[in-house]
Structures are given as structure tokens and as C-alpha cells.
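# Structure assessment
Okay, here's what each chain looks like letter by letter:
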Amino acid sequence: MVTVPSITHDGVQYLEADPDWLRGRGVPENVILSALDDLRAAQVSAECRRRIYAEASAEAQTNMSLAAGIIGAKDAGTRSASETAILTAAGTALQWVAEMRAAYRAIAADPAADYLDDAAWPPLDEAVRSMIKENF
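About the cut-offs
Sequence order sets the numbering: in each chain, residues are counted from 1 along the sequence as written. Only residues with pLDDT of at least 70 are given local features in this predicted model, and only at 80 or more are side-chain atom pairs given and counted; all residues enter the totals for whole chains, interfaces and linings. Heavy atoms throughout the structure, all of them, feed into the side-chain values; hydrogens and water do not. The set of buried Ala, Val, Leu, Ile, Met, Phe, Trp, Tyr and Cys residues whose side-chain atoms join them within 4.5 Å is what this entry labels a nonpolar core. Using a 1.4 Å probe on the protein chains alone, a residue whose accessible area is under 20% of its type maximum counts as buried, one over 50% counts as exposed, and one in between counts as partly exposed. Helix numbers and strand numbers start at the N terminus; a helix is a DSSP run of H or I with at least 4 residues, a strand a run of E with at least 2. Only heavy atoms enter the contact rule, under which two residues are in contact if any of them lie within 4.5 Å. Pairs of strands are assigned from DSSP output, requiring at least two bridges between the strands. The length a helix should cover is 1.5 Å for every residue beyond the first. Polar contacts, as counted here, are pairs of nitrogen or oxygen atoms within 3.5 Å of one another; within protein the pair requires one atom able to donate a hydrogen and one able to accept it, and residues that are adjacent in sequence qualify only if both atoms are side-chain atoms. Note on definitions: salt bridges are taken to be side-chain nitrogens of Lys or Arg within 4 Å of carboxyl oxygens of Asp or Glu.

This part is about the nonpolar core. Ranked by internal contacts, the top residues of the largest apolar core, which has 23 residues, are Met64, Ile107, Trp121 and Ile132. Elements represented by at least two residues in this core include exactly helix H2 (29-55), helix H3 (58-73), helix H4 (81-109) and helix H5 (126-135). The element best represented in this core is H4, accounting for nine residues. Those residues within four positions of methionine 64 in sequence are excluded, and the remaining contacts are Ala56, Ala90, Ala93, Met131, Ile132 and Phe136. If you look at the next biggest cluster of nonpolar residues, it comprises eight residues, including Val4, Ile7, Tyr14 and Ile32.

It is worth spelling out the pairing of strand S2 (residues 12-17) at this point. In terms of strand pairing, strand S1 (residues 4-9) meets S2 through five bridges, oriented antiparallel. When the sheet's bridge partners are listed, histidine 9 is paired in S2 with valine 12. Between S1 and S2, which pair antiparallel one after the other, the connecting turn spans two residues, and aspartate 10 there sits at a positive phi close to 50°.

With 27 residues, H2 extends 39 Å between its outermost C-alpha atoms, agreeing within 8% with the 39 Å of an ideal straight helix rising 1.5 Å per residue. When we look at burial in H2, the residues that qualify are Ile32, Ala35, Leu39, Arg40, Val44, Glu47, Cys48, Arg51, Ile52 and Glu55. Elements in contact with the buried residues of H2: S1, helix H1 (19-24), H3, H4 and H5.

Here we take up the environment of aspartate 20. With respect to the secondary-structure elements, aspartate 20 resides in helix H1. Here the alpha-carbon distance between aspartate 20 and threonine 3, two residues 17 residues apart in the chain, equals 9.4 Å.

Another point: the side chain of arginine 40. Structurally, arginine 40 can be placed in helix H2. Side-chain polar atoms of arginine 40 contact the backbone oxygen of alanine 113, separated by 2.6 Å. Look past the residues within four positions of arginine 40 in its chain and what remains in contact with it is Ile107, Ala108, Asp110, Pro111, Ala113 and Tyr115.

What follows deals with unusual backbone geometry. Although it is not a glycine, aspartate 10 adopts a positive phi angle of roughly 50°. By the element assignment, aspartate 10 lies in the loop between S1 and S2. Its relative accessible area of 68% is what places aspartate 10 among the exposed residues. The phi dihedral of glutamate 16 falls on the positive side, at around 50°, and the residue is not glycine. Examined against the element boundaries, glutamate 16 turns out to sit in strand S2. Note on glutamate 16: relative accessible area 54%, which makes it exposed.

What follows is about the pattern of salt bridges. Taken as a whole, this structure holds eight salt bridges when the rule is applied. Taking the shortest distance from any N to any O, the salt bridge between glutamate 29 and arginine 23 comes out at 2.5 Å. Exposure remark for glutamate 29: the relative accessible area of 36% places this residue in the partly exposed category. We note a salt bridge from glutamate 47 to arginine 51, for which the minimum N-O separation is 2.7 Å. Of the two residues, glutamate 47 and arginine 51 both sit in helix H2, four residues apart, roughly one turn of that helix. When salt bridges with common partners are traced through the structure, they connect Glu47, Arg50, Arg51 and Asp118 into a single cluster.

Below you can see the structure in the form of C-alpha cells.
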């Protein structure tokens, strides 16, 4: 059963309330639906964050950004093959993070979308996954 974690209407705060119970107390449908939308958005956001951090911790993401900045500042002709590979993979990984955040918005807006299903989220390229684990 879905409950609304917290809702305030006409100066009364309800905690962990059943939507039908709230309706019976005169809470308007749009207020209940807005609270349920907020709850779903928070759940989808937490799942997105969990999936990103499972692949690349906050520190790894920071290190990728720094490496991309340092390596990217070099003239392309002076980069080693390893630096070029890291730059490419870091760019792909950071793009994946951006795609995950975009997916969050789409999934949160679609009540029928199963945000716990792996298929709902953009996949991370296996080579990029390996690069993150090895280098960051």
C-alpha cells in the first residue's frame, strides 16, 4: 500500500497517511497526487544516485573530471595512448552520468515506468566500467 509520507492541508500535517484516508478528511485530490508525485520523484532520484555511485563513486567522478581537464589541456599530439584512452573513457563515463540524470527525469514523470528495472536505465559500456575501476 502506498502512503503519503507527509502532507499539510489547511494547516493540518498528516504523516504516513493512506490516500483514501486523506480523501475522507477532505484533502483535495490534486494535493494528494502532488505529494505522491514528489514521493515517486524522490524514490527515482535515490535509485538513480544508487546506480551511478555503484559504478563511479563521487571521488571517482571528481577524479575523472580532473583527469579529463588535465589531459584535455594537453595538445592532442602530445598525449600518450593511455592518456587518450582515459580521456575518451572519462568523457563517455561522464556522458553516461548525464544520461542517467536525464533518464531520472523521464522515469519520474512516468508513473507506469518501473524504476527498479535495469532496462529503464541507460547501460554503462563495459570498457568504461573497467576503466573506472582500474583508474579512478
